[in-house]
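Residues per chain, in single letters:
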Amino acid sequence: MSGTVRKPWISPEAYLAAERTSGVRHEYVDGELFPMPVESHRHAAIAGNIGAAIRETAPLHAAYVHVGSARVWIEEANVCYCPDVVVSGGPGNADIAERPLLIVEVLSDRTEATDRREKRVNYLRVASIQEYVLVSQNERSIELYRRDGDQWNAEITDDGEVLLEAVGAVLRLDEVYR
């Protein structure tokens, strides 16, 4: 096969070691690294507002809230993602959130297709994840996927508030988009 260029395969251990010193965050998909796009100020503000709302409204016993700082490893798919917000059942380690309960992705033009297809499919395979939330940065819209036994139910909200049952928190759209 002349003209074919193969990217080197990277082990999960090498990926995590490299990420500790890298100035750029990457997601890991089956041995290949993908740099995380630089987020807009609006994207960062929305993610920060969601993290703050979860911290303010969740019960004191709620788990760990990570805004842009934790990774979620999905062993069955051999992927490691860097969600915008992760609420986990334990502190994890410096690299990976432990027992993720809730994942929030703020949609950008560049990442929306991946967040809706690849990531959604893989996140919903993780037994501990109870809710997956997609938040538009271009319009007031929150899409919530909630586990109900073996099924997932979806709801879309463009006004009012969204109850995050997995952590007992409330997202008020006025505060998310402030």
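Located above this text is the structure these notes cover.
Residues numbered from 1 in each chain as written. Predicted model: local features only at pLDDT ≥ 70, side-chain atom pairs only at ≥ 80, totals over all residues. Heavy atoms only, no water.

J.: Teacher, can you tell me more about the layout of surface pockets here?
T.: Any space left empty among the atoms is revealed by the rolling of a water-sized probe across them. Estimates place the volume of the largest pocket at around 670 Å³. If you trace the largest pocket, you find 31 residues lining it, with Glu-27, Pro-35, Met-36, Pro-37 and Thr-111 closest to the centre. Secondary-structure elements contributing two or more residues to the lining of the largest pocket are β1 (26–29), β2 (32–35), α2 (41–57), β7 (98–107) and α3 (112–123). (1 Å grid on protein atoms, 1.4 Å probe; cavity = no way out; pocket = protein on both sides within 12 Å on 5 of 7 lines; lining within 4 Å. Points joined across faces, edges and corners; volume = space filled by probe spheres on them. Helix = DSSP H or I, 4+ residues; strand = E, 2+ residues; numbered from the N terminus.)

J.: Hey, could you run me through the sheet that holds strand β6 (residues 85–90) in this one?
T.: Within a sheet, neighbouring strands are paired by backbone hydrogen bonds and run either parallel or antiparallel to one another. Strands sit in the order β3-β6-β7-β8-β9-β10 across an open sheet of six strands; the sheet is mixed. Looking along the sheet, the strands with just one partner apiece sit at the ends: β3 (64–67) and β10 (151–157). When the angles between neighbouring strand axes are averaged without regard to direction, this sheet yields 15°. When strand β9 (residues 142–148) meets β10, the two strands line up antiparallel, connected through seven bridges. Paired with Glu-143 across the two strands is Ile-156, which belongs to β10. Here α2 sits on the sheet in contact with β3, β6, β7 and β8 (131–136), set at roughly 170° to β3. Helix-sheet contacts for α3 involve β7, β8 and β9, and the interaxial angle to β7 is about 165°. (Pairing = 2+ DSSP bridges. Axes fitted to C-alpha atoms, helices over the stretch in contact; angles between N-to-C directions. Contact = heavy atoms within 4.5 Å.)

J.: Please clarify how the pattern of salt bridges should be interpreted in this entry.
T.: Where charged atoms of side chains with opposite charge meet at close range, the side chains can pair. Scanning the entire structure with this criterion turns up 13 salt bridges. One salt bridge in this structure joins Glu-143 and Arg-116, with 2.8 Å as the shortest N-O distance. With Glu-143 in strand β9 and Arg-116 in helix α3, this residue pair connects regions lying 27 residues apart in the sequence. By relative accessible area, which is 28% here, Arg-116 ends up partly exposed. Here Arg-146 and Glu-155 are joined by a salt bridge, their closest N and O atoms 3.7 Å apart. Connected via shared salt-bridge partners are Glu-27, Glu-105, Asp-115 and Lys-119. (Salt bridge = Lys/Arg side-chain N within 4 Å of Asp/Glu carboxyl O. Buried < 20%, exposed > 50% of the residue type's maximum accessible area, 1.4 Å probe, protein only.)

J.: Would you explain the sheet that holds β2 in this entry?
T.: One open sheet holds the four strands; their spatial order is β2-β1-β5-β4, and the pairing between them is antiparallel. Since the sheet does not close on itself, it has two edges, and those belong to β2 and β4 (72–74), each with one partner. Strand after strand, the sheet turns through a mean of 25° between neighbouring axes, direction not considered. Sheet topology note: the β1/β2 ladder contains four bridges and is antiparallel. Note that in β2 the partner of Val-29 across the bridge is Glu-32. Where helix α1 (residues 12–19) meets the sheet, its contacts fall on β1, β2, β4 and β5 (79–81), and the angle it forms with β1 comes to roughly 180°. Running at roughly 110° to β5, α3 makes contact with β1, β4 and β5 of the sheet.

Distances and angles like these do not, on their own, reveal function.
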